[in-house]
Amino acid sequence: MADAMKGVTKAMKSMNKQVNMPQISKIMMDFERESELMDMKEEMMNDAIDDVMEEEEDEAESDKIVDQVLDEIGISFNESLVDAPTSKLGTATKQKVPSEAVLESEDADLQARLDNLRRGE
């Protein structure tokens, strides 16, 4: 066993002579610094990609929610565009004035819907 220990000791001495510890320490420090830099860059890129993807998802989700709300209250965005004025600003246009009967009918409908909503709560 003593001979084996002598052999190991000689091998360790020769390796210590061949290995430059300050150089290995410097290499390890450089590697650690570069690794941290790479991790920071990766995190920044992931955040940027997440922000871009999140905005697209949010926009699509918000459009879906707006469409659902408009459907619930009975408004179609496309139908309202058909009735939109096409004249330029500042020009006089004839506006249709609804008759009182139509207004009263619409008011009654709205009041009935409001009453239904209140009863539902």
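Looking only at helices and strands, the chain features four helices and zero strands. Helices and strands in the chain line up, N terminus first, as α-α-α-α.

A surface patch of like charges, here negative, comprises Glu32, Glu36, Asp39, Glu42, Glu43, Asp47, Asp50, Asp51, Glu54, Asp58 and Glu61. Residue position: Glu61 is located in helix α2 (residues 21-72). On the accessibility criterion, Glu61 (48% relative accessible area) is partly exposed.

Our next topic: helix α1 (residues 2-18). Counted at 1.5 Å a residue, the expected span for α1 with its 17 residues is 24 Å, and the 25 Å between its end C-alpha atoms agrees. In terms of burial, α1 is a largely surface element, zero of the 17 residues being buried.

Counted by the stated rule, this structure contains two salt bridges. Two residues, Asp30 and Lys26, come together in a salt bridge whose shortest N-O distance is 3.2 Å. Of the two residues, Asp30 and Lys26 are both situated in helix α2; the distance of four residues between them amounts to about one turn of the helix. On the accessibility criterion, Asp30 (25% relative accessible area) is partly exposed. Given the relative accessible area of 53%, Lys26 is considered exposed.

All right, on to a positive patch on the surface then. Together, Lys6, Lys10, Lys13 and Lys17 line one region of the surface with positive charge. Of note, Lys10 is situated in helix α1.

Here the focus is the confidence of the model for the chain. Averaged over every residue, the pLDDT of the chain is 81; the share at 70 or more is 76%. Mean pLDDT across the secondary structure elements of the chain bottoms out at helix α3 (residues 77-82), with 56, and peaks at α1, with 89.

A contiguous nonpolar surface patch, about 390 Å² in accessible area, is contributed by Met45, Ile49, Val52 and Met53. Here Met53 shows up in helix α2. With a relative accessible area of 43%, Met53 lands in the partly exposed category.

What counts and how
- Residues numbered from 1 in each chain as written.
- Predicted model: local features only at pLDDT ≥ 70, side-chain atom pairs only at ≥ 80, totals over all residues.
- Heavy atoms only, no water.
- Helix = DSSP H or I, 4+ residues; strand = E, 2+ residues; numbered from the N terminus.
- Patch = residues over 30% accessible without salt bridge, like charges linked within 9 Å, V, L, I, M, F, W, Y side chains within 5 Å.
- Areas by Shrake-Rupley, 256 points an atom, 1.4 Å probe, with all protein chains shown as cover.
- Salt bridge = Lys/Arg side-chain N within 4 Å of Asp/Glu carboxyl O.
- Lys, Arg positive; Asp, Glu negative; His and termini not counted.
- Charge placed at Lys NZ, Arg CZ, Asp CG, Glu CD.
- Buried < 20%, exposed > 50% of the residue type's maximum accessible area, 1.4 Å probe, protein only.
- Expected span 1.5 Å × (residues − 1).
- pLDDT = per-residue confidence, 0-100.

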